[in-house]
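# Notes for the structure review
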Amino acid sequence: LDLIYLLAPTSPDERISLVAERSRGFIYVVSLAGVTGARQSLPAELARFVEDVRTKTTLPLCVGFGISTPQQARDVAAFADGVIIGSRLIEMLNGDQAGRLEEFIRETRKALDGISTGLRT
């Protein structure tokens, strides 16, 4: 098993370099400062942060925290190698939307189909 390190937008360059050096598997890029949870929108500077991290590693960069809609997942997939949706799924399971979970996953998969991710080949 690989230890997955997290990098937040507030991470200093020294931490980014250290995480890039020590990571195996992938790096979890936190989309925003603060706590996890569904958001209406993601920070405009997120793509730039991912690209800054990308200059220091060849590992896949997966973005999570706050991604709560299929469109947000599609937007993030345009510059990241993976998209992590957690809180929105938990909200749906714990709330009155558990019956919509399969539909949400299908909508998200459809939004991601055919998109060229940020992964370098």
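Residues numbered from 1 in each chain as written. Predicted model: local features only at pLDDT ≥ 70, side-chain atom pairs only at ≥ 80, totals over all residues. Heavy atoms only, no water.

### Some points on the packing of helix α4 (residues 87–94) against helix α5 (residues 101–112)
Short version of the rule: Working convention: axes come from line fits to C-alpha atoms, limited for helices to the stretch in contact. Angles between N-to-C directions cover 0 to 180 degrees. Strands are runs of DSSP state E lasting at least two residues, helices are runs of H or I lasting at least four, and both sets are numbered from the N terminus onward. Any angle that is under 35 degrees is reported as roughly parallel, and any over 145 degrees as roughly antiparallel; angles of 65 to 115 degrees are reported as roughly perpendicular and all others as oblique. In this analysis, two residues are considered to be in contact whenever any of their non-hydrogen atoms come within 4.5 Å of each other. Residues are grouped as follows: nonpolar covers Ala, Val, Leu, Ile, Met, Phe, Trp, Tyr, Cys and Pro; charged covers Asp, Glu, Lys and Arg; every other residue, Gly included, is treated as polar.
The contact between α4 and α5 brings their axes to 10 Å, and the two run at 155°. Between α4 and α5, the interaxial angle falls into the category roughly antiparallel. Two secondary-structure elements touch here, α4 through Arg-88, Leu-89, Met-92 and Leu-93 and α5 through Leu-101, Phe-104 and Ile-105. Grouping the amino acids of the contact of α4 with α5 by side-chain chemistry returns 6 nonpolar, no polar and 1 charged.

### Some thoughts on the pairing of strand β2 (residues 27–30)
In plain terms, the rule: For each residue, the accessible area found with a 1.4 Å probe, counting protein chains only, is set against the maximum for its type, and the residue is called buried under 20%, exposed over 50%, and partly exposed in between. Strand pairing follows a simple DSSP-based rule, namely that at least 2 bridges must link the two strands. Look down the strands so they point away from you; if going from the first strand over the helix to the second traces a clockwise path, that crossover is right-handed.
Burial along β2 is two-sided: the residues Ile-27 and Val-29 and Tyr-28 and Val-30 are all buried. Bridging between strand β1 (residues 6–7) and β2 involves 2 bridges; their strand directions are parallel. Across the sheet, Leu-7 pairs through a bridge with Val-29, a residue of β2. With helix α1 (residues 13–22) bridging β1 and the parallel β2, this β-α-β connection has right-handed handedness. Of the strand pairs in this sheet, β2 and strand β3 (residues 61–64) are connected by 4 bridges, and their pairing is parallel. When the sheet's bridge partners are listed, Val-29 is paired in β3 with Val-63.

### Regarding the packing of helix α3 (residues 70–77) against α5
Applicable threshold: Each crossing is labelled by how the near helix is turned from the far one, with a counterclockwise turn of less than a right angle marking it left-handed and a clockwise turn marking it right-handed.
For the pair α3 and α5, interaxial distance at closest approach is 8 Å and the crossing angle is 30°. In terms of orientation, α3 and α5 fall into the roughly parallel class. As α3 packs across α5, the resulting crossing turns out to be right-handed. Residues Pro-70, Ala-73, Arg-74 and Ala-77 of α3 touch α5, and the partners they reach there are Phe-104, Glu-107, Thr-108, Ala-111 and Leu-112. Residue classes in the contact of α3 with α5 are distributed as 6 nonpolar, 1 polar and 2 charged.

### Digging into the side chain of Ser-23
Put simply, the test is: Definition of a polar contact: a pair of N or O atoms within 3.5 Å, with one able to donate and the other able to accept a hydrogen when the atoms are protein atoms, and with sequence-neighbouring residues admitted only if both atoms are side-chain atoms.
Along the polypeptide, Ser-23 turns up in the loop between α1 and β2. For Ser-23, a relative accessible area of 2% puts it in the buried group. A distance of 2.6 Å separates a polar side-chain atom of Ser-23 from the backbone oxygen of Val-19. Those residues in contact with Ser-23 that sit more than four places away from it in its chain are Tyr-5 and Leu-59.

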